[in-house]
Amino acid sequence: MNSFVILLTILSFLSISVFEGAVILGLIYIFIAYLRKKKSLKGELSLPLLVHAIPTLLSTLIYAPHLLNKAFERSVFLFLYFGGDEVKVNEKYLYRLNLIISLIGFLLLPVVFYKYHYKGTVAPIWGGVFEVATFYSLFSLSALALFLKTKRLWWLLAFFVFISMVFFSLRRSTILGLVITLLLLVFLLRGVIKLRYMMVIALLSISFGAVFSYNFVKKDARFQAFYKVLTGQEKLDNRTLDAISSLRWANLRAGLMVIERDIKEANIVPLLIGHGLKPEEREGLHIKSAVGYESVLFISEFIEKGLLGLLAILWLYWKYYSFVFRYKLADFLVIPFLLMPSVMFVGSLFTGFWDALLPLYFLWFRMIEQYERA
């Protein structure tokens, strides 16, 4: 399983189709291993993941069976988490995995700049600008872990190169996720490393943020609208809120109307398990004033997965963060594998609970759970 995790990590940046095929093979292996060893499901996230799968699959089966494969990806694929039990983790293995991840970060730089220069879009080998933001959040954490472990300035430089790519993507949700996660890391590092190291890293990170904040206002229409509101050039109304939020404000209003209608009409099934994936495609739920129901997690997930699905996600958040806040950081090399789910969790507050590589992030997290207990 150790070699499989390394292979899966490499594939995740090369091809999403091949990656998903490998995930399916991994799930089959985990299922057979659990049956053979008669193991019970364990782990901080096990029960929330199981509960989350029920409304995701059931509501999509009822209301959008043609999207059942997507529902499978967004629920059953997350069970790759249980494969962390089969990985034998030690310091040497974590060091190797961090090296591979950071090396991929450097190898993808020419690809990203090539696509930006010749195609006008920021993108890696597969995916688009969101993948650039997410990938380089991971690369940043990995480079920082290697710097704290080895004290080599090369890795600190790599950290700032990678984090600059996250800001360069202009993806606000991922930037917010990384910033909050780095603050969480500062909390975990209290008393572990010297204060001056933390201050230097923090000041340099703030400087990078300030430089790219200017870039946001200059290039991004959303930040331009926000800047005009702050400076009094525009008033804060539905139009400017839609511009600032990329229509999430309109999506939020539309989502609240759907929930209000379901409550008034006592639509018990949608209220309990949701309308299934992509509800805006369904007759009777089509939106004219918005582009979907993606607004804030509490509304968009409630519409898709109902009360049961939303509670499962909130439970998942609680179990994850309660574990992280209790975690005694004794080995810097665990940082990306422990904290990458946090980048996604914070970012998903405004984009929806899903990322194509989330099964891998959960697998890594389970590895660290086992490593801590060992």
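Calculation rules
- Residues numbered from 1 in each chain as written.
- Predicted model: local features only at pLDDT ≥ 70, side-chain atom pairs only at ≥ 80, totals over all residues.
- Heavy atoms only, no water.
- Helix = DSSP H or I, 4+ residues; strand = E, 2+ residues; numbered from the N terminus.
- Rg over C-alpha atoms; globule rule 2.2 N^0.38 Å.
- Buried < 20%, exposed > 50% of the residue type's maximum accessible area, 1.4 Å probe, protein only.
- Axes fitted to C-alpha atoms, helices over the stretch in contact; angles between N-to-C directions.
- Parallel < 35°, antiparallel > 145°, perpendicular 65-115°, else oblique.
- Left-handed = near helix turned anticlockwise from the far one by under 90°.
- Contact = heavy atoms within 4.5 Å.
- Nonpolar A, V, L, I, M, F, W, Y, C, P; charged D, E, K, R; others polar.
- Expected span 1.5 Å × (residues − 1).
- Core = buried A, V, L, I, M, F, W, Y, C linked by side-chain atoms within 4.5 Å.
- Salt bridge = Lys/Arg side-chain N within 4 Å of Asp/Glu carboxyl O.
- pLDDT = per-residue confidence, 0-100.
- Phe/Tyr/Trp six-rings, centres within 6.5 Å; stacked < 30°, edge-to-face > 60°.
- Lys NZ or Arg CZ within 6 Å of the ring centre and 35° of its normal.

Would you mind showing me how to read the overall build of the protein here?
Scanning the protein for helices and strands turns up 16 helices and 0 strands. For 374 residues, the compact-globule estimate of 2.2 N^0.38 gives 21 Å, and the C-alpha radius of gyration of the protein, at 21 Å, lies within 12% of that figure. Projected onto the principal axes, the alpha-carbon positions of the protein cover approximately 65 × 60 × 40 Å. A burial count over the protein gives 56% of its 374 residues as buried.

Help me understand the packing of helix α6 (residues 129-150) against helix α15 (residues 335-347) in this model?
Helix-helix packing: each pair is described by the crossing angle between the helix axes and the interaxial distance. Close contact between α6 and α15 brings their axes to 9 Å; oriented N to C, the two are set at 150°. One element, α6, and the other, α15, form an angle in the roughly antiparallel class. The hand of the α6/α15 crossing is right-handed. On the side of α6, the interface is formed by Thr-134, Ser-137, Leu-138, Leu-141, Ser-142, Ala-145 and Leu-148, while α15 contributes Ile-335, Pro-336, Leu-339, Met-340 and Val-343. Split into classes, the residues belonging to the contact of α6 with α15 amount to 9 nonpolar, 3 polar and no charged.

Would you take a moment to explain helix α3 (residues 46-63) for this structure?
The periodicity of an α-helix, 3.6 residues per turn, causes residues three or four positions apart to be oriented the same way. Compared with the 26 Å implied by 1.5 Å per residue over 18 residues, the 27 Å span of α3 between its first and last C-alpha is a close match. Residues Ser-46, Pro-48, Leu-49, His-52, Ala-53, Pro-55, Thr-56, Ser-59 and Thr-60 constitute the buried set of α3. Buried positions along α3 lie against α4 (68-73), α13 (268-273), α14 (297-326) and α16 (358-373).

What's the story with the nonpolar core in this structure? I'm lost.
Generally speaking, nonpolar side chains in soluble globular proteins are found buried as a group. In terms of nonpolar packing, the biggest core is built from 113 residues, with Tyr-136, Phe-139, Leu-339, Phe-353, Phe-362 and Trp-364 touching the most fellow members. Apart from the residues lying within four places of it in its own chain, the contact partners of Phe-139 are Phe-13, Ile-101, Ile-104, Gly-105, Leu-108 and Phe-162.

Explain helix α7 (residues 153-168) here, please?
Here α7 spans 23 Å end to end across 16 residues, near enough to the 22 Å set by a 1.5 Å rise per residue. When you tally the buried positions in α7, you get 12 out of 16 residues, the bulk of the element. Three or more residues of α7 are buried, namely Trp-155, Leu-156, Ala-158, Phe-159, Phe-160, Phe-162, Ile-163, Ser-164, Met-165, Val-166, Phe-167 and Phe-168.

Quick question: what am I supposed to make of the pattern of salt bridges here?
A side chain with one charge may pair with a side chain of the opposite charge, provided their charged atoms come close. Taken as a whole and judged by the stated rule, the model has 11 salt bridges. Note that Glu-91 and Lys-149 form a salt bridge whose closest N and O atoms lie 3.2 Å from each other. Of the two residues, Glu-91 sits in helix α5 (residues 91-119) while Lys-149 sits in helix α6, which places them 58 residues apart along the sequence. In this structure, Lys-264 and Glu-260 form a salt bridge, with 3.4 Å as the shortest nitrogen-oxygen distance. Taken together, the residues Lys-264 and Glu-260, both in helix α12 (residues 248-264) and 4 residues apart, mark about one turn of the helix. Exposure remark for Glu-260: the relative accessible area of 42% places this residue in the partly exposed category. What you see here is one network of salt bridges that share partners, running through Glu-44, Lys-319 and Arg-326.

Would you explain the confidence of the model for the protein in this entry?
Caution applies to low-pLDDT parts of the model: their predicted coordinates are not meant to be read in detail. Confidence in the prediction of the protein, expressed as mean pLDDT, is 88, and 90% of residues score 70 or more. Within the protein, α15 carries the highest mean pLDDT (96), whereas helix α9 (residues 195-219) carries the lowest (66).

Is there a simple way to think about the packing of aromatic side chains in this case?
The geometry of two aromatic rings is summed up by the distance between their centres and the angle between their planes. In total, this model carries 29 aromatic pairs according to the counting rule given. Considering the side-chain rings of Tyr-34 and Phe-82, the 6.3 Å spacing of their centres and the 75° angle between planes classify their relative orientation as edge-to-face. In this pair, Tyr-34 is assigned in helix α2 (residues 16-37) and Phe-82 in the loop between α4 and α5, connecting sequence segments 48 residues apart. As far as the burial class goes, Tyr-34 and Phe-82 line up, both buried. Here the aromatic cluster, defined as three or more aromatic residues joined through ring pairs, consists of Phe-13, Phe-106, Trp-126, Phe-135, Tyr-136, Phe-139, Trp-154, Trp-155 and Phe-162. Between the NZ or CZ atom of Arg-171 and the centre of the ring of Phe-130, over which it lies, the distance is 5.1 Å. When the ring centre of Phe-187 is taken as origin, the NZ or CZ atom of Arg-190, which lies over that ring, is 3.9 Å away.

What exactly am I supposed to notice about the environment of Leu-50 here?
Residue placement: Leu-50 occurs in helix α3. For Leu-50 and Pro-270, which are 220 residues apart along the polypeptide, the C-alpha to C-alpha distance reads 19 Å. Those residues in contact with Leu-50, other than ones at most four positions away along the chain, are Leu-41 and Phe-79.

Help me understand unusual backbone geometry, please; the structure alone is not making it clear to me.
Comment: phi is negative for the bulk of residues other than glycine, and the bulk of peptide bonds are trans. Here the phi dihedral of Lys-151 falls at roughly 65°; this positive angle occurs in a residue that is not glycine. A relative accessible area of 44% means that Lys-151 is categorised as partly exposed. With phi around 55°, Ala-266 is a residue other than glycine that occupies positive phi space. Of note, Ala-266 is situated in the loop between α12 and α13. Overall, the relative accessible area of 48% leaves Ala-266 in the partly exposed class.

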